[in-house]
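# Topology and contacts: notes
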Amino acid sequence: MNVEFESAKTRLNEIGYLDLAIDPTLDLFEEIQKLKKDKNAILLAHYYQEPDIQDVADFIGDSLGLAQQAQKTKADMIVFAGVHFMAETAKILNPHKKVLLPDLKAGCSLSDSCPPPLFKKFKEKHPNHIVITYINCSAGMKAFSDIICTSSNAMKIVESLPIDQEIIFAPDKNLGNYINKRTGRNMLLWNGACIVHELFSMEKIMRLKERHPEAKFIAHPECEEAVLRLADFVGSTSQLIKFVSEDIGQTFIVGTEAGIIYKMQQIAPGKTLIPAPPDNACACNDCPHMKLNTLEKLYLCMKYELPEITMEEHLRVAAKRPIDKMLELSAKFGL
Ligand code: 13P
Ligand code: SF4
C-alpha cells in the first residue's frame, strides 16, 4: 500500500488529481458506498455536479446548505464534490477532519477574480467599510472579511446592518448590484463575475420567452443585471429548486448552471425545464470547474484519500471568524 500510495502522490502532484487505472469490472457506485462506510466519510455534493455524483452523495445542496452540513457532520472524513473554495470552507470549519476534493484544479472564476493582495489595497482605502464577501472566494479573502454570505442569505445579511453602514461587497459585482437595487444601498462593489452566469444571452432568452409565453424565467443572482431584469424569480440554487416545485407554473426557463436541472426534474417530474441559452456557439452552460469532478476521480480520491485540503492554522483561524458569523446569522434568520 505504501508504494501504491507514494505513486498516487507523485501522480497527483503532476496533474492535480488521480488518474490511476481502475478495474473496469468494478461497480463504482457500490465501491464508493463501501468506502464511505469503511472510512466513516460523508460525501457532500453541489447541485451543479453531474447526475452520477448527485446519486451517490449523502447530501446535495447549495453553498449555504453545504457549509451548514460541513459544520455539523460527525464523520471523520469529508469528501467534497464541488469546487475548491467549498472544500476549503469545510476544512476551515473542521481542522481535525480529513477534507478531500476529487480534483484540486476545480477552481472558480469568481474566486480567481479577487486576489487577496489586490483586495487588501482596496480595503485599506476604505477603512470605515464593513467587508461582506461572497463565499466564492479563497481562504485569504475570507480572512480579510467581516461576514461571509452566499446567494441564499446575502440579502438578509446586508439588510441586518444599519442603513448608514458603509459596505464593501466582493467579489461578485452582479450579486452586489442586485442587492444594491433591491435594498437601495450603495455598497462598493468588487469587479468580479462568474464565467457561467455572465454568459446568458438576454436576446436569446427574450426570443425563447416569445416562443414559450407560458414559461417563467428564473435566474441566479450571479447573472448580469440585463438578464435579471427579465426574470420572474431570482434566487440561489436551492431557492430556484423550491420555486419550481412549489409554483403553479408548468414550464420554466432556467438561468443557472445546467447541473441543477437533474434535481429539479426529480423534485418536479411533470414540469418542463428549459436551460437558458448562453451567448456562445456550443450552447453549453456547464461550469467547467464543477464538471472536472467525475465518478472515477471521486472513487480514486476516496480510495487513496488524496487530494487533501490543507491550510496554515493562522489563515484558517482568520478565515473562520466571518464564516462563523454567517452561520450564526443564518441560524438567526431561520435559513
Ligand atoms: P449557490 O450554491 O449559493 O446557489 O451558488 C451557486 C454557485 O455558483 C456556486 O458556485
Ligand atoms: Fe464559480 Fe461560477 Fe463555477 Fe459557481 S458556477 S463555481 S461561481 S465559476
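Structure first, text after, so check above.
The model shown is predicted, which means the values in this text are computed figures rather than measured ones.

We now examine the overall build of the protein chain. Counting secondary structure elements, the protein chain contains 16 helices and 12 strands. Taken over C-alpha atoms, the radius of gyration comes to 20 Å for the protein chain, in line with the 20 Å a tight globule of 335 residues would show. For the protein chain, the spread of C-alpha atoms along the principal axes amounts to about 60 × 50 × 35 Å. Within the protein chain, buried positions represent 55% of all 335 residues. Counting contacts in the protein chain only where the partners sit at least 6 residues apart, residues at least 24 apart contribute 65% of the total. If you average the places of the 39 positive and of the 44 negative side-chain charges in the protein chain, the two averages end up 5 Å apart.

Scanning all chains against the criterion turns up 20 salt bridges. In this structure, the salt-bridge partner of Lys181 is Glu225, at a minimum N-O distance of 3.3 Å. Remark: Glu225 occurs in helix α12 (residues 225-228) and Lys181 occurs in helix α10 (residues 173-183); sequence separation between them is 44 residues. Judged by its relative accessible area of 56%, Lys181 is exposed. Residue Glu328 is joined to Lys325 by a salt bridge in which the shortest nitrogen-to-oxygen separation is 3.8 Å.

Our focus in this paragraph is the site of ligand 1. What surrounds ligand 1 is a group of 14 residues, the closest being His46, Ser63, Ser151, His220 and Thr237. Between ligand 1 and Glu222, the relevant distance is 3.1 Å, taken from an oxygen atom to a side-chain nitrogen or oxygen of the residue. Side-chain polar atom of Thr237 to an oxygen atom of ligand 1: 2.9 Å apart, as the coordinates give it. Contact with the protein chains hides 97% of the accessible area of ligand 1, taken as 300 Å² for the molecule alone. With respect to the pocket detection grid, ligand 1 is positioned in the largest cavity. Classifying every residue of the shell around ligand 1 gives five nonpolar, seven polar and two charged.

To continue, consider the sheet that holds strand β3 (residues 77-81). The parallel open sheet is built from four strands, whose spatial order is β2-β1-β3-β4. Of all the strands in the sheet, just β2 (59-61) and β4 (98-100) have a single pairing partner and so form its edges. On average, each strand axis in the sheet is inclined to that of its neighbour by 20 degrees, with strand direction left out of account. Helix α4 (residues 63-72) rests against β1 (41-46), β2 and β3 of the sheet, and its axis sits at about 170 degrees to β1.

Attention now moves to the layout of surface pockets. Here the largest pocket defines a volume of roughly 230 Å³. Lining the largest pocket we find 17 residues, and of these Ser151, Ser152, Met155, Arg182 and Gln239 sit closest to its centre. Elements with a minimum of two residues in the lining of the largest pocket: α9 (154-159) and α10. Considering the residues around the second largest pocket, the lining is formed by Tyr47, Phe59, Ile60, Gly61, Asp62, Leu64, Gly65, Gln68, Ser152, Ser238, Gln239 and Leu335.

Around ligand 2 lies a shell formed by Tyr48, Val83, Cys108, Ser109, Leu110, Asn136, Cys194, Val196, Glu222, Cys287, His289 and Met290. According to the grid-proximity analysis, the pocket containing ligand 2 is the largest cavity.

The next subject is the nonpolar core. Counting residues in each nonpolar core, the largest one holds 66 residues, and the members touching the most others are Phe80, Ile132, Ile179, Phe217 and Met326. At six residues, the largest contribution of residues to this core is made by helix α5 (residues 84-93). For Ile132, the residues in contact, after removing those within four places along its chain, are Ile147, Cys149, Ile157, Val158, Leu161, Ile167, Ile168, Phe169 and Ala170. In this structure, Leu28, Tyr47, Leu298 and Met302 belong to the second largest nonpolar core, which totals 38 residues.

A few words now on empty space enclosed by the protein. For the structure shown, the criterion picks out two cavities of 30 Å³ or more. Volume-wise, the largest cavity comes out at about 230 Å³. Forming the walls of the largest cavity are 25 residues, and the residues nearest its centre are Tyr48, Phe85, Asn136, Glu222 and Met290. Taken together, the elements giving at least two residues each to the lining of the largest cavity come down to α5 and α6 (109-112). Here the lining of the largest cavity is built from residues that sort into 12 nonpolar, 11 polar and two charged.

What counts and how
Within each chain, residue numbers correspond to sequence positions counted from 1 in written order. Just so you know, chain letters begin at A and ligand numbers begin at 1, following the order they were written in. The predicted nature of this model means local features are confined to residues of pLDDT at least 70 and side-chain atom pairs, given and counted, to a pLDDT of 80 or more, with totals for whole chains, interfaces and linings taken over all residues. Side-chain calculation: all heavy atoms of the structure are included, whereas hydrogens and water are not. Helix and strand definitions here come from DSSP, where helices need a minimum of 4 consecutive H or I residues and strands a minimum of 2 consecutive E residues; each element is numbered from the N-terminal end. C-alpha atoms define the radius of gyration, and 2.2 Å times the number of residues to the power 0.38 defines the globule rule. When accessible area is computed with a 1.4 Å probe and restricted to protein chains, residues below 20% of their type maximum are described as buried, those above 50% as exposed, and intermediate ones as partly exposed. Any pair of residues with heavy atoms lying within 4.5 Å of one another is described as a contacting pair. Charged residues are defined here as Lys and Arg on the positive side and Asp and Glu on the negative side; His and the ends of the chain fall outside this count. The location of each charge is read from NZ of Lys, CZ of Arg, CG of Asp or CD of Glu. Whenever Lys or Arg places a side-chain nitrogen within 4 Å of a carboxyl oxygen from Asp or Glu, that contact is recorded as a salt bridge. Whether a residue is near a molecule or strand depends on its heavy atoms: if one lies within 4 Å, it is near. Polar contact is the term for a pair of N or O atoms within 3.5 Å; when the atoms are in protein, one must be able to donate a hydrogen and the other to accept it, and sequence-neighboring residues count only if both atoms are side-chain atoms. Residue-level accessible areas treat just the shown protein chains as cover; the underlying method is Shrake-Rupley with a 1.4 Å probe. A cavity here means a set of 1 Å grid points, computed over protein atoms only, where a 1.4 Å probe fits but cannot escape. A pocket is an open set with protein on both sides within 12 Å along at least 5 of 7 lines, and lining residues have an atom within 4 Å of a point. For a molecule to be placed in a cavity or pocket, more than half of its atoms must lie within 2 Å of the grid points of that cavity or pocket. Each residue is assigned to one of three groups, with Ala, Val, Leu, Ile, Met, Phe, Trp, Tyr, Cys and Pro labelled nonpolar, Asp, Glu, Lys and Arg labelled charged, and all others, Gly among them, labelled polar. Pairing between strands is defined by DSSP: at least two bridges between them are needed. Each axis is a line fitted through C-alpha atoms, and for a helix only the stretch in contact is used; angles between axes span 0 to 180 degrees, taken between their N-to-C directions. Grid points are joined across faces, edges and corners, and a volume is the space filled by probe spheres set on the points. The criterion is simple. A nonpolar core is a set of buried Ala, Val, Leu, Ile, Met, Phe, Trp, Tyr and Cys residues joined through side-chain atoms within 4.5 Å.

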